[in-house]
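Now for the letters of each chain:
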Amino acid sequence: DAVRKPITWMNRRPTILLDITIGDNKGTTKASFLLDFGMGGSVRFSTTYTDKEQLVQRLQPNIANNNEYGLGGALQSRTTRLPSLRIGDFELDSLVVTLAREKQGADADPAWDGLVGLRLMSRFTIYLDLSRDQIWFKPNNRFDRPSEYIDTGLGFKPHNRTIKNLTVRLVQEGSTAEETGFKVGDIISMVAGQPADQWHVRQWRETLENHVGSTIPVKVIRNGDLVRLELPLPVRL
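Everything numeric here is computed off the predicted structure, so don't read it as measured data.

Caption draft 1: A look at the overall build of the protein chain. From N to C terminus, the protein chain includes five helices and 19 strands. Relative to the globule expectation of 18 Å for 237 residues, the C-alpha radius of gyration of the protein chain, 19 Å, shows essentially globular dimensions. Seen along its three principal axes, the alpha-carbon backbone of the protein chain occupies a region of about 55 × 40 × 30 Å. Burial analysis of the protein chain (237 residues in total) assigns 43% to the buried set. Contacts spanning at least 24 positions in sequence make up 57% of the contacts within the protein chain whose residues lie at least 6 apart. About 12500 Å² of surface is accessible on the protein chain, with carbon and sulfur atoms providing 47% of the total. Charged side chains in the protein chain number 31 positive and 28 negative. The centres of these two groups are separated by 3 Å.

Quick look at the structure:
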């Protein structure tokens, strides 16, 4: 019930080859992916690979992503859906992925074609065997979760020893979050009836993904007061 993939080390970093289908009747191709255990997304293609394979033109629709951040700050990318990605015998259809558009930096022209992040890896129980340069993927109960794109326009402060809550640090102008009434400094208290005072961004995203196409209640603490908001989650892709 698990598949093995050999690990190839590029610049002393672990990469694997995966089969992807881009569409337009050109069949399946292989791409190399860095196993990025620090990236929250599913798959992010490098700028070089995106341009070489003309992914912006071939993967339609795609939209500018204005709320994606890495260790170096805000990222430039477009979000779209990949028709198919295969890990051995296991196939993921219509996966939400991002296309890097930076002209410089880590995602511009790396040795690999893209990154595989936690939102994809969390669908599997993973066994690493570094002594044999291999990784095993076994689907878990998250494997069949739908892949959704959520962009509310909210940015949160990173957790540290003093900040344990989801505290809003950014509300993008013209975004769904601004229209809903979120303010910088709001502390997320409850989401869809669930206490969220100890949440990380991952729990926030997963809950929103489960309610795409509807409106969910969110309670925030603002200047010591409890404020109730109704956050719509329209289908974007």
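On we go.
Caption draft 2: Spotlight on helix α5 (residues 201–209). Among all positions in α5, only W204, E206, T207, L208 and E209 are buried. Here the buried face of α5 lies against α3 (118–121), β14 (154–156), β16 (187–191), β17 (194–195), β18 (215–222) and β19 (225–232).

Caption draft 3: Broad picture of the pairing of strand β13 (residues 134–139). By the bridge criterion, four bridges tie strand β1 (residues 3–6) to β13 in an arrangement that is antiparallel. In the strand pairing of β13, R4 is matched with W136. Alignment of strand β12 (residues 124–129) against β13, held across six bridges, turns out to be antiparallel. Paired with F124 across the strands is P139, a residue of β13.

Caption draft 4: Structural view of unusual backbone geometry. Residue Q60 is joined to P61 through a cis peptide bond whose omega torsion reads -5°. Along the chain, P61 turns up in the loop between α2 (55–58) and β6 (63–65). Although it is not a glycine, Q54 sits at a positive phi angle of roughly 55°. Inspection of the secondary structure puts Q54 in the loop between α1 (47–52) and α2. When its relative accessible area of 45% is taken as the criterion, Q54 is described as partly exposed.

Caption draft 5: Inspection of the sheet that holds β18 at higher detail. The antiparallel open sheet is built from four strands, whose spatial order is β17-β16-β18-β19. The open sheet has two edge strands with one neighbour each: β17 and β19. Against the sheet, α5 makes contact with β16, β17, β18 and β19, and its axis sits at roughly 40° relative to β16, the strand it touches most.

The rules behind the values
Residues numbered from 1 in each chain as written. Predicted model: local features only at pLDDT ≥ 70, side-chain atom pairs only at ≥ 80, totals over all residues. Heavy atoms only, no water. Helix = DSSP H or I, 4+ residues; strand = E, 2+ residues; numbered from the N terminus. Rg over C-alpha atoms; globule rule 2.2 N^0.38 Å. Buried < 20%, exposed > 50% of the residue type's maximum accessible area, 1.4 Å probe, protein only. Contact = heavy atoms within 4.5 Å. Areas by Shrake-Rupley, 256 points an atom, 1.4 Å probe, with all protein chains shown as cover. Lys, Arg positive; Asp, Glu negative; His and termini not counted. Charge placed at Lys NZ, Arg CZ, Asp CG, Glu CD. Pairing = 2+ DSSP bridges. Axes fitted to C-alpha atoms, helices over the stretch in contact; angles between N-to-C directions.

Note that all results are geometric; they support no functional claim without further evidence.
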